[in-house]
Amino acid sequence: MPSYTDEQKRMAVDMVEECGGSVTRAMRKLGYPTRQTLYHWLNRRDASHERKAGRPWSHYDPALKAQAVAFVRSGMAGKDVAEMLGASSAAVVYNWARAAESPSPAAADRSPIEPMRDSEDRAYDGFEGSLEERVRQLELENDILRAAAKVLKAESPSPMMNREKALVINELRATTGRRLKELTGSLRISKSSYEYQRRAISRPDKHAGLRARVREAFEGASASRGYRYVTHALRSGDDPVAVSEKVVRRIMREEGLAVSYAKKKARYSSYKGEISDAPDNLVNRDFRAAAPNELWLTDITEFGLPDGKVHLPPILDCFDGGLPAWSIGTSPNAELANSSLEAACGTLREGQRPVTHSDSKNVASRFCGNRNGAVSCSRDRIAAS
């Protein structure tokens, strides 16, 4: 990002004033900076907010905005207000008026929120009219919420569509006897929109005959074909009907006609389960040993070489990290695993009975082939005696 001197900033601001407030002409003459940077310099200098030729380069004065809002509220047209006060357009004036009626969240009160206390205000104080009218409005709101929960299972009537509001009005007219004008006003729906929706709801289903044929075609395929097959069956049957896939898809969704897919057959696995019961967990995640040949760890490690794979099943002593024995082979079979274990057992002295542990089920299963029966194996542990 270029760095400008104070002299360059001053020259840029003076050039804007010489160009009659036109930022575009000033930038073309100077060749710098960006429009946003020049706006920033102008605002820092607190330049004039008067309307000049061309697009205004600074914010309007708050007093001018307030005056424009007052004129709009008095009934003047936005175009007349913009011409009189020098605003860029009527849309800007109307935006000021809307912002004044609904202030932005940034202008809201940011004072700390006090804890809730018991209030003496009555629930109907927010309504207008006499006490009886307030109670009546509360009862109407309660009836609307109950009908919305009953008919639509909705939390509130605000996000409802006109068709849903018409259903609620029909329910209230049948159960409470309230006037139609009162219900439409509370639910924010015009009488013409309600009448249109009421006639649409009472209108017979034009796809009633098609629904039966869609269900028949779907069930005839054992519920295993989708909307494309059903559409093709309807178009090419003995009594063909011209129908789009979109209509068939909608009818199937409304009728709950979903394809039931068969479960995929499980892949073949040669694993038949463990060949012996799992021994007790003698190690219990404590891999410390007080003397040599008390606790051994083992696993099979695979190395990828240019000529193929090589497998290494070492025996590690937890006392000093030494390797009593190991072996190397090209296939991780029982013979390779037993050779490491037998070689390690050959280094034991009389009376030494180490515990051998492995986290690999493959190693455990292959050590089960030990010929002398000195190893008791499990899925993830090996206890050697």
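The rules behind the values
Every chain is numbered independently, its residues counted from 1 as its sequence is written. Residue-level local features of this predicted model are given only where pLDDT is at least 70; pairs of side-chain atoms are given and counted only at 80 or more, and the full residue set underlies all totals for whole chains, interfaces and linings. Side-chain numbers here rest on the full set of heavy atoms in the structure, without hydrogens or water. Helix and strand definitions here come from DSSP, where helices need a minimum of 4 consecutive H or I residues and strands a minimum of 2 consecutive E residues; each element is numbered from the N-terminal end. Using a 1.4 Å probe on the protein chains alone, a residue whose accessible area is under 20% of its type maximum counts as buried, one over 50% counts as exposed, and one in between counts as partly exposed. Here a residue-residue contact requires only that any non-hydrogen atoms of the pair lie within 4.5 Å. Here the accessible surface of atoms and residues is derived via Shrake-Rupley with a 1.4 Å probe, and residues count as covered only by protein chains that are part of the display. If DSSP finds at least two bridges between two strands, the strands pair. Lines fitted to C-alpha atoms define the axes, with helix axes restricted to the stretch in contact, and inter-axis angles between N-to-C directions lie between 0 and 180 degrees. Here a patch means residues that are over 30% exposed by relative accessible area and free of salt bridges, tied together within 9 Å if like-charged and within 5 Å if nonpolar (Val, Leu, Ile, Met, Phe, Trp, Tyr). By convention in these notes, a salt bridge is any Lys or Arg side-chain nitrogen within 4 Å of a carboxyl oxygen on Asp or Glu. Charged residues are defined here as Lys and Arg on the positive side and Asp and Glu on the negative side; His and the ends of the chain fall outside this count. To locate a charge, the coordinates of NZ of Lys, CZ of Arg, CG of Asp or CD of Glu are taken. Confidence of the predictor at the level of single residues is given by pLDDT, which spans 0 to 100. By the definition adopted for this analysis, an angle is roughly parallel if under 35 degrees, roughly antiparallel if over 145, roughly perpendicular if from 65 to 115, and oblique otherwise. Note that Gly is not counted as nonpolar here; it falls among the polar residues with everything else outside the nonpolar set of Ala, Val, Leu, Ile, Met, Phe, Trp, Tyr, Cys and Pro and the charged set of Asp, Glu, Lys and Arg. In this analysis, rings of Phe, Tyr and Trp, with Trp reduced to its six-membered ring, are considered paired at centre separations within 6.5 Å, and the interplanar angle assigns stacked below 30 degrees, edge-to-face beyond 60, and tilted for intermediate values. By definition here, charges over rings are those cases where NZ of Lys or CZ of Arg is within 6 Å of the ring centre and within 35 degrees of the ring normal.

Draft legend 1. Structural detail: the overall build of the chain. Regarding its fold elements, the chain presents 15 helices and 7 strands. Here the chain, with 385 residues, has 29% of them falling under the buried criterion. In the chain, of all internal contacts separated by at least 6 residues, the share reaching a separation of at least 24 is 46%. When the accessible surface of the chain is split by element, carbon and sulfur atoms take 50% of a total near 26,600 Å².

Draft legend 2. Representation of the sheet that holds strand S4 (residues 315-317) within the structure. Strand order in the open sheet formed by 3 strands is S4-S1-S5, with mixed pairing between adjacent strands. Edge strands, defined here as strands with exactly one partner in the open sheet, are S4 and strand S5 (355-357). Averaged over all neighbouring strand pairs, the angle between strand axes comes to 30 degrees, with direction disregarded. Packing against the sheet, helix H14 (residues 334-345) makes contact with strand S1 (295-298), S4 and S5, and its axis sits at approximately 40 degrees to S4.

Draft legend 3. Representation of a positive patch on the surface within the structure. Taken together, the side chains of Arg-25, Arg-28, Lys-29 and Arg-35 define a basic patch exposed on the protein surface. For the positive patch, the leading source of residues is helix H2 (residues 23-30), giving 3 residues. Positionally, Arg-28 belongs in helix H2. Accessibility expressed as a relative area gives 69% for Arg-28, which makes it exposed.

Draft legend 4. Structural detail: the confidence of the model for the chain. Of all residues in the chain, 78% attain a pLDDT of 70 or more, and the chain-wide mean is 75. Considering only residues more than four positions removed or in separate chains, one finds that residues 360-385, a stretch of pLDDT under 50, has 72 contacts.

Draft legend 5. Structural view of a nonpolar patch on the surface. Together, Leu-316, Leu-323, Trp-326 and Ile-328 make up a nonpolar patch on the protein surface, roughly 410 Å² of accessible area in all. Structurally, Leu-316 can be placed in strand S4.

Draft legend 6. Molecular detail of the packing of helix H1 (residues 6-18) against helix H3 (residues 35-44). Their axes nearest at 10 Å, the elements H1 and H3 cross at an angle of 90 degrees. Comparing the axis directions of H1 and H3 gives the class roughly perpendicular. Contacts between H1 and H3 involve Gln-8, Lys-9, Ala-12, Val-13 and Val-16 on the former and, on the latter, Leu-38, Trp-41, Leu-42 and Arg-44. Residue classes in the contact of H1 with H3 are distributed as 6 nonpolar, 1 polar and 2 charged.

Draft legend 7. Just the packing of aromatic side chains, in detail. Evaluation of the coordinates by the stated rule reveals 2 aromatic pairs. Ring centres 5.4 Å apart and planes at 20 degrees place the aromatic pair Tyr-4 and Tyr-32 in the stacked group. Here the residue Tyr-4 occupies a position in the segment before H1, and Tyr-32 occupies one in the loop between H2 and H3, the gap between them amounting to 28 residues. The partly exposed category is assigned to Tyr-4, whose relative accessible area is 22%. Given a relative accessible area of 14%, Tyr-32 falls into the buried group. Centroid distance Tyr-4 to Trp-41: 5.2 Å. Interplanar angle 80 degrees. Geometry classified as edge-to-face. Within this pair, whereas Tyr-4 is found in the segment before H1, its partner Trp-41 is found in helix H3, the two being separated by 37 residues in sequence. The structure contains a cluster of three or more aromatic residues connected by ring pairs, namely Tyr-4, Tyr-32 and Trp-41. It is Arg-225 that lies over the ring of Tyr-229; its NZ or CZ is 4.7 Å from the centre. The ring of Tyr-227 carries the charged tip of Arg-249 above its face, separated from the ring centre by 5.0 Å.

Draft legend 8. Representation of the side chain of Ser-340 in the model. With respect to the element layout, Ser-340 can be found in helix H14. Once you skip the residues sitting within four places of it in the chain, Ser-340 turns out to touch Pro-313, Ile-315, Ala-325, Trp-326 and Ser-327.

Draft legend 9. Main features of the pattern of salt bridges. By the definition in use, this model includes 12 salt bridges. Ionic pairing is found between Arg-211 and Glu-254, a salt bridge with its closest N-O pair at 2.7 Å. Here Arg-211 is found in helix H11 (residues 208-220), whereas its partner Glu-254 is found in helix H13 (residues 245-255), with 43 residues between them in sequence. Across the pair Glu-219 and Arg-215 runs a salt bridge, and its minimum N-O distance is 3.6 Å. One end of the pair is Glu-219 and the other is Arg-215, both in helix H11 and 4 residues apart, which spans about a single turn. For Arg-215, a relative accessible area of 30% puts it in the partly exposed group.

Draft legend 10. Representation of the environment of Val-168. Relative to the assigned elements, Val-168 resides in helix H8 (residues 162-175). The spatial distance from the C-alpha of Val-168 to the C-alpha of Leu-187 is 9.1 Å, given a sequence separation of 19 residues.

Draft legend 11. Quick peek at the pairing of strand S3 (residues 308-312). Where strand S2 (residues 301-305) and S3 come together, 5 bridges link them in antiparallel fashion. Its bridge partner lying in S3, Phe-303 is registered against Val-310. In textbook terms, the turn of a hairpin is the stretch between consecutive antiparallel strands, and for S2 and S3 this stretch comprises 2 residues.

Draft legend 12. Examining the packing of helix H5 (residues 78-85) against helix H6 (residues 90-101) more closely. Two elements in contact, H5 and H6, have axes whose closest approach is 8 Å; the angle formed by their N-to-C orientations is 105 degrees. Regarding the angle of H5 to H6, the classification is roughly perpendicular. Between H5, through Gly-78, Lys-79, Val-81 and Ala-82, and H6, the contact on the second element is made entirely by Ala-90, Val-93 and Tyr-94. Here the residues of the contact of H5 with H6 sort into 5 nonpolar, 1 polar and 1 charged.

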